[in-house]
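# Examining the three-dimensional arrangement
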Amino acid sequence: VDRLVDPERLEYRRGHWYLAAFDRTRGDRRSFRVDRIGDRIELGAPGSANTPAAPDDSERHPWTFEDGPADEVVLSVDAIVASVVRLEVPDARVLTEYDDGSLRLSVRLTRWEPFRAYVLSHLHHVEVIEPSWARDDLVAWVRRVAEVPA
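Conventions and cut-offs
Within each chain, residues carry numbers counting from 1 in the order of the written sequence. Local features in this predicted model are restricted to residues whose pLDDT is 70 or higher, and side-chain atom pairs enter the listing and the counts only when it is 80 or higher, whereas totals over whole chains, interfaces and linings include all residues. Only hydrogens and water are set aside when side-chain values are computed; all heavy atoms of the structure are taken into account. Here a strand is any run of E in DSSP of at least two residues, a helix any run of H or I of at least four, and the numbering for each starts at the N terminus. Partly exposed describes any residue whose relative accessible area lies between the buried limit of under 20% and the exposed limit of over 50%, with all areas from a 1.4 Å probe on protein chains only and scaled to the type maximum. For accessible areas, the Shrake-Rupley method is used with a probe of radius 1.4 Å. Any residue's cover is judged against the shown protein chains and nothing else. In summary, the pairing rule links any two rings of Phe, Tyr or Trp, Trp by its six-membered ring, whose centres are within 6.5 Å, and it sorts them by plane angle into stacked for under 30 degrees, edge-to-face for over 60 and tilted for everything else. Each axis is a line fitted through C-alpha atoms, taken for helices only over the stretch in contact, and angles between the N-to-C directions span 0 to 180 degrees. An angle counts as roughly parallel when it lies under 35 degrees, as roughly antiparallel when it exceeds 145, as roughly perpendicular when it falls between 65 and 115, and as oblique in every other case. In a left-handed crossing the near helix is turned counterclockwise from the far helix by less than a right angle, and in a right-handed crossing that turn is clockwise. When checking whether two residues touch, look at their non-hydrogen atoms; a contact exists if any pair is within 4.5 Å. Residue type decides the class: Asp, Glu, Lys and Arg count as charged, Ala, Val, Leu, Ile, Met, Phe, Trp, Tyr, Cys and Pro as nonpolar, and the leftover types, Gly among them, as polar. The salt bridge definition used is simple: a Lys or Arg side-chain nitrogen within 4 Å of an Asp or Glu carboxyl oxygen.

Scanning the protein chain from N- to C-terminus turns up 3 helices and 7 strands. Starting at the N terminus and ending at the C terminus, the protein chain contains elements arranged as β-β-β-β-α-β-β-α-β-α. Counting over 150 residues, the protein chain shows a buried share of 28%. Per element, the accessible surface of the protein chain, about 10,200 Å² overall, is 52% carbon and sulfur.

This is the structure:
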């Protein structure tokens, strides 16, 4: 299927790269898995994208919706996903940037459960360091899931 899209960003989710774009053909935002895009790509002139303004909440992460008290969660992010996490969570505060490319980040959130899911989407590449309640909850949740029979 041929599409005319205005690219907005690249996203890395669950082991695959996605192109987030406004699909002019459908008149809506869509995500396209990059490894499924064919080799017939035509580029428009620089600056020719005509993307409508996103709804107010489209750029916010579900862990930042203001329906709870704010917490700061400190993460250790390995070099393999560090650049991706920086793109996905641009408001994260870099506490330490190590020579190997790994990071220690602080992320402000008001909802823990969606953030826990985000951390788990990066598997062993992202680790919750503190607060201890967040780390303990994540470990307990993974153990509960692992105990469920298939």
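Before going further, it helps to spend a moment on the packing of aromatic side chains. Scanning all chains against the criterion turns up 3 aromatic pairs. Measuring from ring centre to ring centre gives 6.3 Å for Trp112 and Phe115, while their planes differ by 50°; the resulting arrangement is tilted. Of this pair, Trp112 and Phe115 both sit in helix α2 (residues 112-121), 3 residues apart, roughly one helical turn. Phe115 matches Trp112 in its accessibility class, with the two residues each being buried. Arranged with centres 6.0 Å apart and planes meeting at 35°, the rings of Phe115 and Tyr118 form a pair that is tilted. Of this pair, Phe115 and Tyr118 are both found in helix α2, 3 residues apart, which corresponds to roughly one turn of the helix. The exposure classification of Phe115 matches that of Tyr118, with both residues buried. In this structure an aromatic cluster arises from ring pairing among Trp112, Phe115, Tyr118 and Trp133.

It is worth spelling out the packing of α2 against helix α3 (residues 132-147) at this point. In the contact formed by α2 and α3, the axes pass within 11 Å of each other and the chain directions differ by 65°. Judged by the inter-axis angle, α2 sits roughly perpendicular to α3. Crossing of α2 against α3: the hand is right-handed. Contacts from Trp112, Arg116, Val119 and Leu120 of α2 reach α3 at Trp133, Ala134, Asp137, Leu138, Trp141 and Val142. Taken together, the residues of the contact of α2 with α3 break down into 8 nonpolar, no polar and 2 charged.

For Phe115, a relative accessible area of 0% gives the class buried. It is 5.4 Å that separates the C-alpha atoms of Phe115 and Trp63, two residues lying 52 residues apart in sequence.

A separate point is the side chain of Asp6. By the secondary structure assignment, Asp6 is in strand β1 (residues 5-13). A residue is classified by how much of its surface remains accessible, and Asp6, at 4% relative accessible area, is buried.

Moving on, we get to the pattern of salt bridges. Applying the stated rule across the entire model yields 7 salt bridges. Its salt-bridge partner being Glu97, residue Arg86 comes within 3.4 Å of it at the nearest N-O pair. In this pair, Arg86 is assigned in helix α1 (residues 82-88) and Glu97 in strand β5 (residues 93-97), connecting sequence segments 11 residues apart. Its relative accessible area of 36% is what places Arg86 among the partly exposed residues. As a salt-bridge pair, Asp137 and Arg116 come within 2.9 Å of each other at their nearest N and O atoms. With Asp137 in helix α3 and Arg116 in helix α2, the pair connects residues that are 21 residues apart, well separated along the chain. Taking the relative accessible area as the measure of exposure, Asp137 reaches 23% and is therefore partly exposed.

The next subject is unusual backbone geometry. With an omega dihedral of 5°, the bond running from Glu130 to Pro131 counts as a cis peptide bond. A positive phi angle, close to 50°, is found at Leu123, a residue other than glycine. If you trace the backbone, Leu123 turns up in the loop between α2 and β7 (126-130). With relative accessibility at 60%, the residue Leu123 sits in the exposed group.

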